[in-house]
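Descriptive structure summary
One-letter residues, chain by chain:
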Amino acid sequence: MSTLDATRAELALVVLYLNKAEARDKICRAIQYGSKFVSNGQPGTAQNVDKSTSLARKVFRIFKFVNDLHALISPTPQGTPLPLVLLGKSKNALLSTFLFLDQIVWLSRSGIYKNKERAEQIGRISLFCWMGSSICTTLVELGELGRLSASMKKIEKELKGSNKHQNEQYCSKLQKSNDRSLALVKAAIDIVVAVGLLQLAPKKVTPRVTGGFGFASSLISCYQAASFTSKVQDKLKDERRIRRL
């Protein structure tokens with residue numbers, strides 16, 4: 001019975017994960033860039049999968065620009081240095097612009113918007129916005145990691161001979177540091193992917209390189225979404241326990 005309960009709990013987590021449009025988008029992204037890696041820009045089945053999956057992903061991103069628009073006008077946490085605030089807001093503005101322009105690209109590829117030349121220009125502008133947001137994210141994560149490192153060292157000094165891994169505050173900051181380190185790696189990879197999609201260095205960043213880096217970035221995104229889903233489920237369990245008490 002305990003094995004069955006455990007299986008049910010795991011399946012419930014998978015269902016919760018797949019019910020998120022963000023999670024489905026990231027899975028499709030992994031398929032898209034995996035296909036790009038296999039095709040290496042050559043015509044064939046893999047390239048067809050790449051193109052069709054790319055178009056399908058755009059449906060998941062309809063009105064998604066509102067998320068970063070909301071973050072752009074929302075207040076930042078107190079104590080955040082001004083350079084990090086400006087970089088964070090720049091990231092939100094660029095990402096929101098990318099997602100908005102990407103909808104015009106989708107309209108063009110769907111045959112609704114007829115001006116193909118204008119759509120191609122908008123597509124390139126949107127990719128530059130995405131690359132800019134990834135650069136901003138990289139700088140923000142570097143700055144936040146520096147702040148977390150200084151904070152953790154301060155806690156270590158206060159604890160002195162005590163086991164720091166038993167301190168709740170230290171463990172919390174360590175987890176945040178790990179999460180931000182992963183976000184930093186992903187943002188750096190996304191910069192390379194953007195360079196490949198824009199063909200800014202076609203000899204070095206080939207379609208296969210773009211596909212490989214994009215696939216790695218997608219796997220990180222899938223992990224991040226799964227980790228968030230797991231945290232949400234744990235929080236719901238804690239709330240249920242509190243209600244029972």
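Attention here is on the structure that accompanies the text. From a predicted model like this one, the values you see are computed outputs, not experimental measurements.

Cut-offs applied
- For every chain, the first residue of the written sequence is number 1, and numbering continues from 1 onward in sequence order.
- Confidence filtering applies because this is a predicted model: local features only for residues at pLDDT of at least 70, side-chain atom pairs given and counted only at 80 or more, and all residues used for totals across whole chains, interfaces and linings.
- The side-chain values count all of the structure's non-hydrogen atoms but skip hydrogen atoms and water molecules.
- The numbering of helices and of strands both runs from the N terminus, where a helix is a DSSP run of H or I of at least 4 residues and a strand a run of E of at least 2.
- Contact criterion: two residues are considered in contact whenever any of their non-hydrogen atoms come within 4.5 Å of each other.
- Whenever a nitrogen or oxygen atom comes within 3.5 Å of another N or O atom, the pair is scored as a polar contact, on the condition that within protein one atom can donate a hydrogen and the other can accept it, and that pairs from neighbouring residues in sequence are kept only if both atoms are in side chains.
- All axes are obtained by fitting lines to C-alpha atoms, using only the stretch in contact for helices, and the reported angles, taken between N-to-C directions, cover 0 to 180 degrees.
- Small angles under 35 degrees read as roughly parallel and large ones over 145 as roughly antiparallel, with 65 to 115 read as roughly perpendicular and the rest as oblique.
- By definition, any crossing whose near helix is turned counterclockwise from its far helix by less than a right angle is left-handed, and any crossing with a clockwise turn is right-handed.
- Throughout, nonpolar core names a set of buried Ala, Val, Leu, Ile, Met, Phe, Trp, Tyr and Cys residues whose side chains join them through atoms within 4.5 Å.
- Here's how the labels work: a residue is buried when its accessible area is under 20% of the maximum for its type, exposed when over 50%, partly exposed in between, all with a 1.4 Å probe on protein chains only.

Digging into the environment of S218
Within the element layout of this structure, S218 appears in helix α8 (residues 207–244). In this structure, the C-alpha to C-alpha distance between S218 and I189, residues 29 residues apart in sequence, is 10.0 Å. With residues up to four places along the chain from it excluded, the contact list for S218 reads K26, R29, A30 and Y33. A distance of 3.1 Å separates polar atoms of two side chains, one belonging to S218 and the other to R29.

Some points on the side chain of S35
Within the fold, S35 resides in helix α2 (residues 21–39). If we skip the residues at most four places from it in the chain, S35 touches A46, V49 and D50.

Some remarks on the packing of helix α6 (residues 116–159) against helix α7 (residues 168–198)
For the pair α6 and α7, the least separation of the axes is 8 Å and the interaxial angle reads 155°. By the angle between their axes, α6 is roughly antiparallel relative to α7. Judged by the twist between their axes, the crossing of α6 over α7 is left-handed.

As for the nonpolar core
One recurring pattern in soluble globular proteins is that nonpolar side chains are buried together. Within the largest apolar cluster, 15 residues are counted, with the highest numbers of intra-cluster contacts made by F98, W130, M131 and V193. At the level of secondary structure, the elements contributing two or more residues to this core comprise α5 (82–109), α6 and α7. The element best represented in this core is α7, accounting for five residues.

Take it as geometry only, folks, not as evidence of what the structure does.
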